[in-house]
Amino acid sequence: MMITRTLSHSVLALIVFIWVVPFVALVSTSLRSETEAKTAGFWTAFTPTELGHRFSTHDKDDDTEILTMAGNILARLNNEASGFPVTGDVQSILIKTRIPDPENPEKTKLVRKLVPAGEVMDVRGGDFIFQTNGDFTWTFEQPATPKPKNLDVFINQDPVFGTDAYIEVLFDNKNVPNALISSFIVTIPATIIPITIAAFAAYAFAWMQFPGRDWLFVIVVSLMVVPTQLAFLPILQGFSGIASWATSLNQWLTDCELTDTCQVASKSFASLWITHTAFGLPLAIYLLRNYIVGLPKELLQSARIDGASHLQIFTKIIIPLSVPALASFSIFQFLWVWNDLIVALYIGPNNADDLVFPIRLQKQLGTFKDQLHLLNASAVISMIVPVLVFLSMQRYFIRGLLAGSVKGG
């Protein structure tokens, strides 16, 4: 018994680990700067990490004659407004310098050298020295006006997080907000429509008598095994035929030729609503029918004796008692439609402003392939909505999963 319990706990811990680690990776990377996201893994986000930066000794328009220049490397790096201030210990500076070539004494060769803190280096004829806190001095033998020098510095950088990536994808780029709106336009009707139809159908299969009821229920349930990909061709042909008929009707009833607006698109939000409704109905009817058939029979018989019609029984008794099953399926349907890529890709609108979030995210793999912080921020945004939906309805989830297993729900 103890071994079985330990094994089950280990498996549960492994499942939690497998789910949590990718989520932590997405969130932490989306909150890091572009430099950190490119150069270090997400597991280094919470500890000091050595990262490279490039800073300039002074501004280009600063032509003041100096003998000794003092400054701070960290202050120079943070000179520009940024949500990711650089802090930490300055470790070394990479400098290019020429030294005598041992193979050819008459010539010199260019070498790169990492100079640690506290060691003097020659920069444009002056002595440059820096400390781990970022303070530096640049000293010349006689007054001079040196040009700014760009130096590559390596800093053991403290962890820092910011929301710049979310601001950029939500406000600086209209594609993500448009995709969010499109996903809501598709998902909300594609969740409400099938669950409404399925509730009526489930009640009919559970409590109404009509010829061929059982066989029709078997046919509906068997539709769950039809692969989605197999249905694409007839669905596309059907929508193309409807669009051609609607275009002809539009030409006959209106003067759309003058404005060139006769063409009715075969791929639209409506086509997605219909397709998701068709794919979701078999499972919805099956789940709700199994739940409704398990409700107390005496309660419905009493309502019938009191003169209640089927519609009154359905609206005043069945619906209130079936909230767990309805909520459970709503969660499933919402998640399926929100995260759907293949149906939206083939059936949905292809206008850039109407693309749903999964397609927009897939296209960002090419746009943001070298900007992981932006890609991960978009992924996190796409996850927030279904997570909120699940958390808000989780109290019904387990009750809905057990639909029909115990009499009375």
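Note that the structure is a prediction, hence the values are computed from the model and not measured.

**Let's talk about the overall build of the protein**
Item 1. Counting secondary structure elements, the protein contains 15 helices and 8 strands.
Item 2. Overall size of the protein, expressed as C-alpha extent along the three principal axes, is 110 × 80 × 40 Å.
Item 3. The 409 residues of the protein split such that 37% are buried.
Item 4. At a minimum sequence separation of 6, the contacts of the protein that also span at least 24 residues come to 70%.
Item 5. Carbon and sulfur atoms provide 62% of the accessible area of the protein, an area that totals close to 23,900 Å².
Item 6. Charged side chains of the protein number 28 positive and 33 negative; the gap between the two group centres comes to 13 Å.

**Examining the pairing of strand β6 (residues 126–130)**
Item 1. Side chains Gly126, Phe128 and Phe130 project from β6 onto a buried face, and the interleaved Asp127 and Ile129 project onto a face without burial.
Item 2. Between strand β5 (residues 121–123) and β6, which follow one another and run antiparallel, lie 2 residues, and arginine 124 among them has a positive phi close to 50°.
Item 3. Direction of pairing for β6 relative to strand β7 (residues 135–144): antiparallel, over a ladder of 4 bridges. Bridged to phenylalanine 130 within β7 is phenylalanine 136.
Item 4. Counted between consecutive antiparallel strands, the loop separating β6 from β7 contains 4 residues, among which glycine 134 sits at a positive phi close to 100°.

**Some points on the confidence of the model for the protein**
Item 1. Within the protein, residue pLDDT values average 84, and 93% of them lie at 70 or more.
Item 2. Residue range residues 403–409 is modelled with pLDDT below 50. Its contacts to residues more than four positions away, or to other chains, number 12 contacts.

**As for the sheet that holds strand β2 (residues 66–72)**
Adjacent strands of a sheet form backbone hydrogen bonds with each other and so pair up, either parallel or antiparallel.
Item 1. On the basis of which strands lie adjacent, the open sheet formed by 4 strands has the order β2-β7-β6-β5 and antiparallel pairing. Since the sheet does not close on itself, it has two edges, and those belong to β2 and β5, each with one partner. Shown here is a sheet whose adjacent strand axes are inclined to one another by a mean of 25°, direction ignored.

**Quick notes on the pattern of salt bridges**
Item 1. In this structure the tally under the stated criterion is 6 salt bridges.
Item 2. For glutamate 34, the salt bridge identified is with lysine 38, shortest N-O distance 2.9 Å. Taken together, the residues span about one helical turn, with glutamate 34 and lysine 38 both in helix α2 (residues 34–39) at a distance of 4 residues.
Item 3. By relative accessible area, glutamate 34 is classed as partly exposed at 31%.
Item 4. Residue classification places lysine 38 among the partly exposed residues on the basis of a relative accessible area of 48%.

The rules behind these values
Residues numbered from 1 in each chain as written. Predicted model: local features only at pLDDT ≥ 70, side-chain atom pairs only at ≥ 80, totals over all residues. Heavy atoms only, no water. Helix = DSSP H or I, 4+ residues; strand = E, 2+ residues; numbered from the N terminus. Buried < 20%, exposed > 50% of the residue type's maximum accessible area, 1.4 Å probe, protein only. Contact = heavy atoms within 4.5 Å. Areas by Shrake-Rupley, 256 points an atom, 1.4 Å probe, with all protein chains shown as cover. Lys, Arg positive; Asp, Glu negative; His and termini not counted. Charge placed at Lys NZ, Arg CZ, Asp CG, Glu CD. Pairing = 2+ DSSP bridges. pLDDT = per-residue confidence, 0-100. Axes fitted to C-alpha atoms, helices over the stretch in contact; angles between N-to-C directions. Salt bridge = Lys/Arg side-chain N within 4 Å of Asp/Glu carboxyl O.

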